[in-house]
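An overview of the molecular structure
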2 protein chains.
Amino acid sequence: MTLIRSWLPAANDPACPFPLNNLPYGVVSAAGGAPRCGVAIGDRVLDAAALAAAGLVTVPAGTFDAPSWNAFMAHGPALWASFRAELTALLAEGSAQEAAVAPHLLPLADLQLHMPFAVTEYTDFYASKHHATNVGTMFRGAENALPPNWLSIPIGYNGRASSVVVSGTPVRRPWGQVKGPDEALPRFAPSARFDIELEMGCIVGRSSTGPVTVAGAEEMIFGYVLLNDWSARDIQAWEYQPLGPFQSKATATTISPWIVTAAALEPFRVPVPPRERETLPYLEEPKPGLYDIALEVGLAPEGGEETVIARTNYREMYFSAAQQLAHHTTSGCAMRTGDLLGSGTISGPQKDSRGSLLEMSWGGKEPLELPGGATRSFIADNDTLTLRGAARGDGYTIGFGEAAGKVLPALEDPYAG
Amino acid sequence: MTLIRSWLPAANDPACPFPLNNLPYGVVSAAGGAPRCGVAIGDRVLDAAALAAAGLVTVPAGTFDAPSWNAFMAHGPALWASFRAELTALLAEGSAQEAAVAPHLLPLADLQLHMPFAVTEYTDFYASKHHATNVGTMFRGAENALPPNWLSIPIGYNGRASSVVVSGTPVRRPWGQVKGPDEALPRFAPSARFDIELEMGCIVGRSSTGPVTVAGAEEMIFGYVLLNDWSARDIQAWEYQPLGPFQSKATATTISPWIVTAAALEPFRVPVPPRERETLPYLEEPKPGLYDIALEVGLAPEGGEETVIARTNYREMYFSAAQQLAHHTTSGCAMRTGDLLGSGTISGPQKDSRGSLLEMSWGGKEPLELPGGATRSFIADNDTLTLRGAARGDGYTIGFGEAAGKVLPALEDPYAG
């Protein structure tokens, strides 16, 4: 697909993350103003409630009353499609509505970005084979790296919805129980191995109550964000057996501020890699379920320059979001509007395509070298970690905004408050 | 503590689960009526919104507008205490308000019971030593039964809030991936080892944003329900490594319909058992954190008589709810009004005090014998499983109502809908 030209010049720049082909959904506020639903286009944000109030788009009454896209998502795919078509017509080059629409455009640079939706429940997966192999080798040895179920099940666990924050929110290094291999008993200490996980987050728009096919799951998915599943590796190593990660993953989960819709990503579909073991029929892919989205991680020390420490792609996943969502419903588990599914850390085959510092530094044994002689095995206090993503079409770019967070030092006494 | 006598005769019966000492909170509806907040007393339910509208109790405007106790809980402990004191005065023997209150009493037998609160997030623990030892022996062998971290950490994992249903809701036997020890590849099949877990559920009333002490956690806890964490053991065995149970626990989680407040349970406090390993200071118990609550499980085949298959007590836990909640916040994890914490399966030391069929039948090797010659290793189709609980004071009983569910046969084709 090629660029759909807009009468907004900035939207036609091939490097602009928000061309008319994108139309991502966020929640914004101007200085002193209340948060409201907005659509990014070029260097502007279209005020969705104002557009609806002016009769320029047709949505059910109350859709944009709250500062979140949950109500819109709950209306389902027919409204998603009609609203997108209306926006496209309004903003396209040659639209007769330019003068009517223009007053509802706010300058993006002046706005604060908020959580674009209320997270109902959050599930995190473990479905990139390179990542699972790397981590499994470090945690359980090379012979047991990939668990016996891994090629059959999109392995997932329930995460903590209250941990999800929007890009820019500072992240406080957590305390927790840790125990070194030579220590007899655990200590309560700040995490010394605080890490990122580079993931995509899939947002459930339409709810379900029983088992759903992969094709049905595709129809439930509203869109995607970048997602950083901050992870305290030392806490994780001590707590995770036998019931999985818990406090090691509960400090924060940072997402990018714009929901990029499945519709915008449609031209970038790619199939999952060839199966290495026959898949059970309920997990078969009816159409290519991944997307070609280039991803990168930047690390910037306090006051220093940023280094891109990893580059990978969402197509490195072994299971797609639709396969994960279908598996999530097998037991009859109800899914609801606003459910967030983390893809799991996305690692490629090369050392510089790994999605976590744990993998990049191989558990701390091979520290990363940064410009100026600094090194990192895990995150240092006041480092800012930033995820970026882009799907590149013919003359246009689909961007997500950043998922960035600065890691603040641990509290001196966590119980002083 | 002794019975507080009410002018409602039924509330003074020593066997009545809802004496004036209890005052549990639920959501009820009369035939054809809308669900509303109610307080159980004797054989009646007091309409909370009507009581507030009549000016007989003092709550902030809007507290009872929605059919859930979340808004009330969010107001915090001062309101919890003042409201309870007002109710107690209104309903006590000799109250001058009997005539004013009486019109707002509905006959309990005529009412349908609904979810008493909206579950924000659900966490399940694994904190009864007898249960962990039994299950660990079966899943990992006697040498590895209790994981190295178990005596130090209240082991917990995030569960699925959308699975929580009120007593009486039928439970459909799930499908899922299962693999027998002699099978090379997994099959997709109905669970053949569907089970209960007898637990208490602790409800967070007041929210928190940073690490909370055990004493602070006590102040956040609003009340308790009975909780059955339905578990598909065959699905669990195949899926749970390395990141914990997922679809095996997502079919349903049944709770009793009445929230019994921490205030009502106060006279029944008992300490956690002696520590077998020194506890980290953040988990030390400032006051006895468990409660003496007798628990039982009944199993009734379709059309048959119920057999009580297990009797145990909440005091068998190794970690209390307040310790679990404090641990839950160590990483900075935000807790919110309506969060539900399952205690973990509560097993005692005897075979007939085990809280799951997995343990009672020792993984199916020692089936239970029911009257009339029937046997059970796991749940059979159309069995009804019922949890009951009672704290017994001097001349009165604190009851919870039942947590009951009938297990319906698996769908013939889960994807036919």
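Residues numbered from 1 in each chain as written. Chains lettered and ligands numbered in written order. Predicted model: local features only at pLDDT ≥ 70, side-chain atom pairs only at ≥ 80, totals over all residues. Heavy atoms only, no water.

Turning our eyes to something else, we now look at the relation of the copies chain A and chain B. Of the transformation superimposing chain A on chain B, the axial component is 0.0 Å and the angular component is 180°, with the fit at an RMSD of 0.0 Å. The relationship between the two copies is best expressed as a two-fold rotation axis. Residue Gly-244 of chain A of chain A places its C-alpha closer to the rotation axis than any other residue of that unit, at 2.2 Å. Comparing contact sets, 100% of the residues at the interface of chain A also lie at the interface in chain B, consistent with an isologous, same-surface contact. (Least-squares fit on C-alpha atoms with pLDDT ≥ 70 in both. Contact = heavy atoms within 4.5 Å.)

This brings us to unusual backbone geometry. Residue and element names in this part refer to chain A. Gln-241 connects to Pro-242 through a cis peptide bond whose omega is 5°. Positionally, Pro-242 belongs in the loop between helix H7 (233–239) and strand E16 (253–255). Even without glycine at this site, Trp-362 takes up a positive phi of about 45°. Exposure remark for Trp-362: the relative accessible area of 22% places this residue in the partly exposed category. (Helix = DSSP H or I, 4+ residues; strand = E, 2+ residues; numbered from the N terminus. Buried < 20%, exposed > 50% of the residue type's maximum accessible area, 1.4 Å probe, protein only.)

Okay, the pattern of salt bridges next. Overall, the coordinates contain 46 salt bridges over all chains when judged by the stated rule. In this structure, Asp-339 of chain B and Arg-160 of chain A form a salt bridge, with 2.6 Å as the shortest nitrogen-oxygen distance. You can see Asp-339 of chain B sitting in the loop between helix H9 (321–328) and strand E22 (340–342) and its partner Arg-160 of chain A sitting in the loop between strand E7 (156–158) and strand E8 (164–166), one on each of two chains. A salt bridge links Arg-233 of chain B to Glu-197 of chain B, with the shortest nitrogen-to-oxygen separation between them at 2.9 Å. Of this pair, Arg-233 of chain B sits in helix H7 (residues 233–239) while Glu-197 of chain B is found in the loop between strand E12 (194–195) and strand E13 (198–204), placing the two residues 36 residues apart along the sequence. Here Arg-233 of chain B matches Glu-197 of chain B in class, with each residue buried. One continuous salt-bridge network, built from bridges that share partners, spans Asp-195, Glu-197, Asp-229, Arg-233 and Lys-249 of chain A. (Salt bridge = Lys/Arg side-chain N within 4 Å of Asp/Glu carboxyl O.)

Counting 83 residues, the largest nonpolar core has Met-200, Tyr-224, Trp-230, Leu-265, Ile-293, Ile-309 and Tyr-314 of chain A as its most contacted members. Residues in contact with Ile-309 of chain A, not counting those within four places in the same chain, are Val-297, Leu-299, Asp-352, Leu-357, Met-360, Leu-368, Leu-370 and Leu-385 of chain A. The next biggest cluster of nonpolar side chains, apart from the first, holds 82 residues, and it includes Met-200, Val-214, Leu-226 and Leu-325 of chain B. (Core = buried A, V, L, I, M, F, W, Y, C linked by side-chain atoms within 4.5 Å.)

Take the sheet that holds strand E1 (residues 25–29) of chain B next. All names here are of chain B. If you trace the 5 strands from one edge of the open sheet to the other, you get E4-E3-E2-E1-E5, paired in antiparallel fashion. Where the open sheet ends on each side, the last strands, each with one partner, are strand E4 (105–107) and strand E5 (112–114). Each adjacent strand pair in this sheet contributes to an overall mean axis angle of 50°, direction not counted. Where helix H3 (residues 77–91) meets the sheet, its contacts fall on E1, strand E2 (36–41) and strand E3 (44–47), and the angle it forms with E1 comes to roughly 65°. (Pairing = 2+ DSSP bridges. Axes fitted to C-alpha atoms, helices over the stretch in contact; angles between N-to-C directions.)

All names here are of chain A. Position of Leu-46 among the secondary structure elements: in strand E3 (residues 44–47). Given a relative accessible area of 0%, Leu-46 falls into the buried group. C-alpha of Leu-46 to C-alpha of Pro-107: the two residues are 61 residues apart in sequence and 9.0 Å apart in space. Not counting residues within four places of it along the chain, the set of residues in contact with Leu-46 comprises Cys-37, Gly-38, Val-39, Leu-51, Leu-87, Leu-91, Val-101, His-104 and Leu-105.

On to the interface of chain A and chain B. Counting residues at the interface gives 57 residues for chain A, matched by 57 residues for chain B. Here chain A and chain B share an interface that buries about 5300 Å² over both sides, 60% of which is from carbon and sulfur atoms. On the chain A side of the interface with chain B, the three residues burying the most area are Arg-160, Leu-243 and Phe-246 of chain A, jointly 16% of the side's total. Applying the counting rule to chain A against chain B returns 4 salt bridges. The element contributing the most residues to the side of chain A that touches chain B is E7 of chain A, with 3 residues. Residue classes in the side of chain A that touches chain B are distributed as 30 nonpolar, 19 polar and 8 charged. (Buried area = accessible area lost by both parts, 1.4 Å probe. Nonpolar A, V, L, I, M, F, W, Y, C, P; charged D, E, K, R; others polar.)

We now examine the domain arrangement of chain A. All names here are of chain A. Entries for chain A in the domain assignment read domain 1 (9–114) and domain 2 (122–408). For domain 1 versus domain 2, the separation of C-alpha centres amounts to 29 Å. Of all residues in domain 1, Tyr-25, Met-73 and Trp-80 bury the most surface against domain 2, accounting for 28% of the area lost on that side. For the interface between domain 1 and domain 2, the tally reads 0 salt bridges. Inspection of the region where domain 1 meets domain 2 yields 4 residue pairs in polar contact (both at pLDDT 80 or more). Among the elements of the structure, strand E1 (25–29), strand E2 (36–41), helix H2 (70–74), helix H3 (77–91) and strand E5 (112–114) are those that each provide at least two residues to the side of domain 1 that touches domain 2. The biggest single contributor to the side of domain 1 that touches domain 2 is H2, with 4 residues. (Domains from an automatic or database assignment. Polar contact = N/O pair within 3.5 Å; in protein donor to acceptor, adjacent residues only side chain to side chain.)

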